[in-house]
Amino acid sequence: MASNIIVPDGFTLHTENTSHILLESNEAFLNPVQEFNRDTSVACIRVWSEELNKSKEERWRQNQEKRAKNKKRKAESEETPQTGEPSTSIDGSGGAPRPTIKTPEVRQPQLESRVKILIGKKAI
């Protein structure tokens, strides 16, 4: 049936099942509500995208400022030695105190109980 329909210039033939409709070539939607929804969706997505980009740029700027401050602080702390209360060494010479070394606690009871449990499972 569609083969014997003459389509004038500037129009397109839209076919659904056995129905045929002539539409202007520049129209994308048959339903004006769909067209409105598309336009609204596109506008919303553009605004959201712009807002998202602004917030990302602001976070990036803040991060860069923090990095610059931290870098500056680190450079300043490395240039000038930290001055505090005068320190005395163990021998009283006024030098830097020796660092204290913390030794880890030995957990012998747990270790022994594990060994006893392992040994207890075997016939001894």
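Residues numbered from 1 in each chain as written. Predicted model: local features only at pLDDT ≥ 70, side-chain atom pairs only at ≥ 80, totals over all residues. Heavy atoms only, no water.

## Some remarks on the overall build of the protein
Part 1: Along the protein, the regular secondary structure elements total two helices and two strands.
Part 2: Reading the helices (α) and strands (β) of the protein from amino to carboxyl end gives β-β-α-α.
Part 3: For the protein, the residues scored as buried account for 2% of the 124 residues in total.
Part 4: Here the analysis covers contacts within the protein between residues at least 6 apart in sequence; of these, 0% occur between residues at least 24 apart.
Part 5: Accessible surface for the protein amounts to roughly 12,300 Å². Of this, 55% is attributable to carbon and sulfur atoms. (Helix = DSSP H or I, 4+ residues; strand = E, 2+ residues; numbered from the N terminus. Buried < 20%, exposed > 50% of the residue type's maximum accessible area, 1.4 Å probe, protein only. Contact = heavy atoms within 4.5 Å. Areas by Shrake-Rupley, 256 points an atom, 1.4 Å probe, with all protein chains shown as cover.)

## Describing the confidence of the model for the protein
Part 1: Looking at the protein, pLDDT values average 75 and 61% of them are 70 or higher.
Part 2: Across the protein, the secondary-structure element scoring lowest on mean pLDDT is helix α2 (residues 108-121), at 53, and the one scoring highest is helix α1 (residues 32-79), at 91. (pLDDT = per-residue confidence, 0-100.)

## Topic: a nonpolar patch on the surface
Part 1: Together, Val7, Phe11 and Leu22 give the surface a local cluster of nonpolar side chains, amounting to about 220 Å² of exposed area.
Part 2: By the secondary structure assignment, Val7 is in the segment before β1 (11-16).
Part 3: Look at Val7 and you get partly exposed, because its relative accessible area is 34%. (Patch = residues over 30% accessible without salt bridge, like charges linked within 9 Å, V, L, I, M, F, W, Y side chains within 5 Å. Salt bridge = Lys/Arg side-chain N within 4 Å of Asp/Glu carboxyl O.)

## Description of unusual backbone geometry
Across the chain, the bulk of peptide bonds are trans and the bulk of non-glycine residues have phi less than zero.
Part 1: Positive phi outside glycine occurs at Asn17, with the angle close to 55°.
Part 2: By the element assignment, Asn17 lies in the loop between β1 and β2 (19-24).
Part 3: The exposed category is assigned to Asn17, whose relative accessible area is 80%.

## Overview of the pairing of β2
Part 1: Pairing analysis gives six bridges linking β1 to β2, with the strands arranged antiparallel. Bridge pairing in β2 places Thr15 opposite His20.
Part 2: What sits between β1 and β2 in their antiparallel hairpin is a turn of two residues, with Asn17 showing a positive phi close to 55°. (Pairing = 2+ DSSP bridges.)

## Remarks on the pattern of salt bridges
Side chains that differ in sign of charge can pair as their charged atoms come close.
Part 1: For the coordinates displayed, the defined rule picks out five salt bridges.
Part 2: For Glu35, the salt bridge identified is with Arg38, shortest N-O distance 4.0 Å. You can see Glu35 and its partner Arg38 sitting in helix α1, three residues apart, about one turn around the helix.
Part 3: Among the salt bridges present, the one from Lys54 reaches Glu51, with a minimum N-O distance of 3.9 Å. Separated by three residues within a single helix, Lys54 and Glu51 lie in helix α1, roughly one turn from each other.
Part 4: On the basis of relative accessibility, which here comes to 44%, the residue Glu51 falls in the partly exposed class.
Part 5: The network of salt bridges with shared partners includes Glu35, Arg38 and Asp39.

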